[in-house]
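Per-entry structural report
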Amino acid sequence: GENVEQHPSTLSVQEGDSAVIKCTYSDSASNYFPWYKQELGKRPQLIIDIRSNVGEKKDQRIAVTLNKTAKHFSLHITETQPEDSAVYFCADLSGGYNKLIFGAGTRLAVHP
Amino acid sequence: GAVVSQHPSRVICKSGTSVKIECRSLDFQATTMFWYRQFPKQSLMLMATSNEGSKATYEQGVEKDKFLINHASLTLSTLTVTSAHPEDSSFYICSARGGAGSSYNSPLHFGNGTRLTVT
């Protein structure tokens, strides 16, 4: 069945450092991989996504890389700021291309 | 654009009662809506997928008779938690896919969620 593994579960960095979160998926037919940021008590916010026809996508301080052969994709945040502190979820469009399955989440803390 | 409105944002109910949560797409037609449940400090778990005019598809382990989903129009889906118990207390979030140019791998638009507390 569908499965998305996300690591690490918690990540603590100093302001200005980079943060990397990795996810692996099991469905070789998956072709859409979004990343969400969720602040406490709020809905997930899409921050970046990538489709399987590209290997990397960048939006200012945020980038996502995809390795289809290894079935993993990663979120990279550079020059982290305290306001980046939140829970980040990767997701994988699986199950016949109709449902979004989320990873377990990574709690990122950026310390000033 | 692509706003999903979810109501209520918070609800407290007594054990044994039913609660209805509404999810509306305000500026687009949502062909598919998804209902997720999120327990504290956990991930979003997909409960069911609903397509307008057809029965919802429930994920394994989700009781369809307890969590009634209705997607009667292209802009409204409802989730009714029947005979609620304290263990049903959770954050319920709907999301929708649709609108001009959307396809199966288009981004989902999320509602603000409903925090349900069953006493």
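Above this text sits the structure in question.
Read on for a plain summary of the structure. Computed from a predicted model, the values in this text were never measured in an experiment.

Listed as interface residues are 25 residues of chain B and, on the opposing side, 22 residues of chain A. Taken over both partners, the interface formed by chain B and chain A buries close to 1800 Å², and the fraction arising from carbon and sulfur atoms is 51%. On inspection of chain B and its partner chain A, the count reaches one salt bridge. With its nearest N and O atoms 3.0 Å apart, the salt bridge here joins B:Glu59 to A:Lys99. Across the contact surface, chain B and chain A share six residue pairs in polar contact (both at pLDDT 80 or more). Of all the secondary structure elements, the ones that give two or more residues to the side of chain B that touches chain A are strand 4 (30-38), strand 5 (45-51) and strand 9 (90-98) of chain B. For the side of chain B that touches chain A, the leading source of residues is strand 4 of chain B, giving four residues.

Right, let's get into the pairing of strand 1 (residues 4-7) of chain A. Residue and element names in this part refer to chain A. The side-chain alternation of strand 1 yields one buried face, formed by Val4 and Gln6, and one unburied face, formed by Glu5 and His7. Strand direction decides the pairing type here: strand 1 and strand 3 (residues 19-25), joined by four bridges, are antiparallel. Paired with His7 across the bridge in strand 3 is Lys22.

Basis of the calculations
Residues numbered from 1 in each chain as written. Chains lettered and ligands numbered in written order. Predicted model: local features only at pLDDT ≥ 70, side-chain atom pairs only at ≥ 80, totals over all residues. Heavy atoms only, no water. Contact = heavy atoms within 4.5 Å. Buried area = accessible area lost by both parts, 1.4 Å probe. Salt bridge = Lys/Arg side-chain N within 4 Å of Asp/Glu carboxyl O. Polar contact = N/O pair within 3.5 Å; in protein donor to acceptor, adjacent residues only side chain to side chain. Helix = DSSP H or I, 4+ residues; strand = E, 2+ residues; numbered from the N terminus. Buried < 20%, exposed > 50% of the residue type's maximum accessible area, 1.4 Å probe, protein only. Pairing = 2+ DSSP bridges.

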